[in-house]
Amino acid sequence: MALKFGVIVPQGWRMDLVGITDPVEGYETMTRVAQEAENLGFDSIWLFDHFHTVPQPTQEPTFECWTSTAALSRDTKRVRIGQMVTCNSYRNPALLAKMASTVDVLSHGRLNFGIGAGWYEHEYNAYGYDFPDGPTRLRQLRDALRIIRAMWTEEEATVEGKYLHVNGAINQPKGVQKPHIPLLIGGAGEKVTLKLVAQYADACNIQHLDNEGLARKFSIIKEHCDNVGRDYNSIWRTVLFNCAIAETDQEALAKSAPYQRNVPADRIRQQALVGTPDAIYKRVQEIEQAGAQELIIFLQDSAQLESLRMFAKACINR
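Residues numbered from 1 in each chain as written. Predicted model: local features only at pLDDT ≥ 70, side-chain atom pairs only at ≥ 80, totals over all residues. Heavy atoms only, no water.

As annotated in an unreviewed UniProt entry, the protein carries the name LLM class F420-dependent oxidoreductase and comes from Dictyobacter aurantiacus.

Structure below.
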């Protein structure tokens, strides 16, 4: 199987560190999962960019994405590290490009840079960010993408966008990877987001769709690539799925309960990975056939490591 594999590191925002009251132990749990994933042969680890639990805000500890990315870059040696995905609205894009360049050096060139337009209105309001409408957030993302690429490729970045600008911004060091840090755009909007993928991204991320839905999104990216003169095969295609794996189907279904908030019960097997190791392996093959090149999984119980090891045995070290 040519498919690569990534895993979301427990961070708190999906109640995946619940019961761990000591924040130091919470971070050390994140580190253990990251290091175990590396040892098991996963290709990448990923962090979400949320400030508190979702969808219901609680007092459960939730670790910030970019400081955690930097720390995990020193706690690991081989595995690539990315964000699923950075919210464009939360940080000035020139500063964000500088942060990414620094982390790429800290990791010796293992950073994947993920970004999206943002969506969680409650978090925007709670932290004092303006929450414009969707089209405006996408236009702001376009400005940010232009700035970030310029910061990574030009000696002095000058970009005059509609919402954001830089004038002679210097970014040294620019990072380790050449020609620049891989830029991933998350989202599936067919008219704007996937067009931005064709124009600016080195990778895309599509989430929680069945095989037909994945194939459709990839075909639309190809259409946009054709329209802008871009080689479709130059874009790395990643997908994200919730995963509930267990020795029996009944156990797996029980573990999938947290994933059923936005997925109808009769669609859970199509829009998540739910089942025994053999069943999961079959679904993974189907996802690869739909056009994915890297599968990223979220395991609600990854902090206990058992399901992480079970998935690796079923799909990576088979």
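There is more to say after this.
Student: I keep staring at the pattern of salt bridges and nothing clicks. Help me out?
Tutor: For side chains bearing opposite charge, pairing can occur when the charged atoms are close. Tallied over the entire structure, the rule returns 13 salt bridges. The salt bridge partner of aspartate 49 is arginine 91, with a shortest N-O separation of 2.8 Å. With a gap of 42 residues between them, aspartate 49 in the loop between strand E2 (44-47) and helix H2 (65-75) and arginine 91 in the loop between strand E4 (86-87) and helix H3 (93-106) connect regions that are remote in the sequence. Among the residues examined, aspartate 49 registers a relative accessible area of 3% and is labelled buried. Take arginine 91: its relative accessible area is 11%, and that puts it in the buried class. Of the charged contacts in the structure, one is a salt bridge between aspartate 210 and arginine 267, with a shortest N-O distance of 2.4 Å. Remark: arginine 267 occurs in the loop between helix H8 (249-255) and helix H9 (268-271) and aspartate 210 occurs in the loop between strand E9 (203-207) and helix H7 (211-228); sequence separation between them is 57 residues. For arginine 267, a relative accessible area of 27% puts it in the partly exposed group. One connected set of salt bridges, linked through shared partners, spans Asp49, Glu64 and Arg91. (Salt bridge = Lys/Arg side-chain N within 4 Å of Asp/Glu carboxyl O. Helix = DSSP H or I, 4+ residues; strand = E, 2+ residues; numbered from the N terminus. Buried < 20%, exposed > 50% of the residue type's maximum accessible area, 1.4 Å probe, protein only.)

Student: It is not clear to me how the layout of surface pockets should be interpreted in this structure. Could you clarify?
Tutor: The rolling of a water-molecule-sized probe over the atoms marks out the regions of remaining empty space. Empty space within the largest pocket amounts to approximately 1,100 Å³. Lining of the largest pocket is provided by 45 residues; of these, Trp13, His50, Trp119, Gln207 and His208 occupy positions nearest its centre. Listed by contribution, the elements that provide at least two residues to the lining of the largest pocket are E4, helix H5 (134-153), E9 and strand E10 (236-245). Of the residues contributing to the lining of the largest pocket, the split by class is 21 nonpolar, 19 polar and 5 charged. Lining the second largest pocket are 18 residues, and of these Arg80, Asn112, Pro182, Trp236 and Glu294 sit closest to its centre. At the level of secondary structure, the elements contributing two or more residues to the lining of the second largest pocket comprise E2 and E10. Of the residues contributing to the lining of the second largest pocket, the split by class is 7 nonpolar, 5 polar and 6 charged. (1 Å grid on protein atoms, 1.4 Å probe; cavity = no way out; pocket = protein on both sides within 12 Å on 5 of 7 lines; lining within 4 Å. Points joined across faces, edges and corners; volume = space filled by probe spheres on them. Nonpolar A, V, L, I, M, F, W, Y, C, P; charged D, E, K, R; others polar.)

Student: Explanation requested: the packing of aromatic side chains in the structure shown.
Tutor: The relation between two aromatic rings is expressed through the spacing of the ring centres and the mutual angle of the planes. Within the structure shown, the criterion is met by 14 aromatic pairs. Geometrically, the ring pair formed by tyrosine 90 and tyrosine 129 is stacked, given 4.9 Å between the ring centres and 25° between the ring planes. Placement of the pair is tyrosine 90 in the loop between E4 and H3 and tyrosine 129 in the loop between helix H4 (121-126) and H5, with a sequence separation of 39 residues. Every member of this aromatic cluster is reached through a ring pair, and the members are Phe51, Tyr90, Tyr124, Tyr127, Tyr129 and Phe131. For arginine 237, the ring lying beneath its charged end belongs to phenylalanine 218, and the centroid distance is 5.8 Å. A cation over an aromatic ring shows up here: arginine 318 above the ring of tyrosine 281, its NZ or CZ 3.8 Å from the ring centre. (Phe/Tyr/Trp six-rings, centres within 6.5 Å; stacked < 30°, edge-to-face > 60°. Lys NZ or Arg CZ within 6 Å of the ring centre and 35° of its normal.)

Student: Would you mind showing me how to read unusual backbone geometry here?
Tutor: In terms of backbone geometry, most residues other than glycine have negative phi values and most peptide bonds are trans. Cis rather than trans, the peptide bond between valine 54 and proline 55 has omega equal to 5°. Within the element layout of this structure, proline 55 appears in the loop between E2 and H2. Cis rather than trans, the peptide bond between methionine 84 and valine 85 has omega equal to -15°. Inspection of the secondary structure assignment puts valine 85 in the loop between strand E3 (80-83) and E4.

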